[in-house]
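# Examining the three-dimensional arrangement
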Amino acid sequence: MRRVESNPQFLKSWAASAVEEILTYFRFLAERGCVGFECSKPTLDMIGAWGRRKKIWSETLKEIRTDLGDCRRCRLSKGRKHIVFGTGDPHARLMFVGEGPGYEEDQSGEPFVGAAGRLLTRIIDAIHLSREQVYICNIIKCRPPGNRNPMADEIEICYPFLKRQIASVEPDIICALGTFAAQTLLDIGSPISKLRGCFHDYSGIKVLPTYHPAYLLRNPEKKRDVWEDMKKLMKALDVRDESLSQDLK
Ligand code: SF4
């Protein structure tokens, strides 16, 4: 018989379910207005953090950006106007990771500011958050010429900086926008249509792949799928007031 204490994976999942049970019980007490227990949100957040990975040392986003510098590590540096590093809350619970900058992002240096970016802003609004409350970045930080897909070697060179950004922000959930973000983060070749709709794992962080907003602009009938994904995301973030949510029109 397998010895439980020698199986770290089993212990990890057992501890996670034990913490979840405690949280569920405390939420139950809080909802019943129970006195004598400290069931406030800070306490629930603290309990929810039990057993999660401990940050021993981490860089700040500013330090990572400084290290990136005027990056010439791959060929995409030749045609870019701006490096598009990322924006938002440096300690966000939710991180959106897209593919790479387009024309408007390259011009401004900000991620997701074009038509697809405006749709992403509406998606973020719909889950009762603001762009300032999340962190938004991309797999690669310079615009590929003609908005072509990033090449494997370009992703390989740039990806370590995204990994460092993720380690610095340490989000609870990463929403991977589109094929390249999902496949890169999950190190998998499956299409986004197969990956979306459920949570995956990136170093202990939940990853929810969904369609890229640019794809939604071309295929508006897929908005319904994204909204279903966002409802799962809200539930995982414990954003409860779904009744206020607007649909993605
Ligand atoms: S895409 Fe990344 S690795 Fe390539 S030049 Fe830009 S910042 Fe550097």
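## Structural notes on the overall build of the protein
Helix and strand counts for the protein stand at ten helices and six strands. Counting over 249 residues, the protein shows a buried share of 32%. Of the contacts made within the protein by residues no fewer than 6 positions apart, 69% connect residues no fewer than 24 positions apart.

## What to know about helix α5 (residues 115–126)
In this model, α5 (twelve residues) spans 17 Å end to end at C-alpha, consistent with the 16 Å of a helix rising 1.5 Å per residue. Where α5 is concerned, the buried positions are Ala116, Gly117, Leu119, Leu120, Ile123 and Ile124. Angularly, the buried residues of α5 cover 160° about the axis, an arc narrow enough to put them on a single face. Backbone geometry just downstream of α5 places His128 in the positive-phi region, at approximately 65°.

## Some points on the nonpolar core
In this structure, Val97, Ile174, Cys175 and Ala176 are the most contacted members of the largest nonpolar core, which totals 50 residues. Excluding residues within four positions of it along the chain, Ala176 makes contact with Val97, Ala181, Ala182, Leu185, Val207 and Pro209.

## Some thoughts on the site of the ligand
Near the ligand there are 13 residues, and of these Cys71, Cys74, Ser77, Cys142 and Cys158 occur at the shortest range. Ranked by residues supplied to the shell around the ligand, first place goes to helix α6 (residues 152–169) with three residues. Grouping the amino acids of the shell around the ligand by side-chain chemistry returns nine nonpolar, one polar and three charged.

## Observations concerning the pairing of strand β6 (residues 205–210)
Along any regular strand the residues' side chains alternate between the sheet's two faces. Taken across its six residues, β6 has five buried, putting it largely inside the fold. Where strand β5 (residues 200–202) lies against β6, three bridges are found, and the strand directions are antiparallel. Counterpart to His200 in the pairing with β6 is Val207. Between the end of β5 and the start of β6, which pair antiparallel, lie two residues, with Ser203 showing a positive phi angle near 50°.

## Comments concerning the packing of helix α3 (residues 61–68) against α6
Taken N-terminus to C-terminus, the directions of α3 and α6 make an angle of 165°; their axes are 9 Å apart at the nearest point. When the interaxial angle is binned, α3 and α6 end up roughly antiparallel. At the point where α3 passes α6, the crossing takes the right-handed sense. Within the contact between the two elements, α3 uses Leu61, Ile64 and Leu68 and α6 uses Phe161, Arg164, Gln165 and Ser168. By residue class, the composition of the contact of α3 with α6 is four nonpolar, two polar and one charged.

## Topic: the environment of Arg118
Mapped onto the fold, Arg118 is located in helix α5. Along the primary structure Arg118 and Pro213 are separated by 95 residues, whereas in three dimensions their C-alpha atoms are 8.8 Å apart.

Parameters at a glance
- The numbers attached to residues start from 1 for each chain and follow its sequence in the written order.
- Whole-chain, interface and lining totals are the exception, using all residues; otherwise, since this is a predicted model, local features are given only for residues with pLDDT of at least 70 and side-chain atom pairs are given and counted only at 80 or more.
- Only DSSP runs of H or I reaching four residues or more are called helices, and only runs of E reaching two or more are called strands; each is numbered from the N terminus.
- With C-beta atoms placed from the backbone, a residue is buried if 20 or more other C-beta atoms are within 10 Å of its own, exposed if 12 or fewer are, and partly exposed between those counts.
- Think of it this way: build a C-beta for each residue from its backbone, and any pair within 7 Å is a contact.
- A helix is expected to span 1.5 Å for every residue after the first.
- What the arc covers is the set of directions going from the helix axis to the C-beta atoms.
- Think of a nonpolar core as buried Ala, Val, Leu, Ile, Met, Phe, Trp, Tyr and Cys residues, each tied to the set through C-beta atoms within 7 Å.
- Only the C-beta atom matters for nearness: placed from the backbone, it must lie within 6 Å of the molecule or strand for the residue to count as near.
- Residue classes follow a fixed rule: Ala, Val, Leu, Ile, Met, Phe, Trp, Tyr, Cys and Pro count as nonpolar, while Asp, Glu, Lys and Arg count as charged, and any other residue, Gly among them, counts as polar.
- For two strands to be treated as a pair, DSSP must find no fewer than two bridges joining them.
- A fitted line through C-alpha atoms represents every axis, and for helices the fit uses only the stretch in contact; the resulting angles, taken between N-to-C directions, go from 0 to 180 degrees.
- For classification purposes, angles smaller than 35 degrees are called roughly parallel, those larger than 145 roughly antiparallel, those between 65 and 115 roughly perpendicular, and all remaining angles oblique.
- Throughout, a crossing is termed right-handed when the near helix is turned clockwise from the far one, and left-handed when it is turned anticlockwise from it by less than a right angle.

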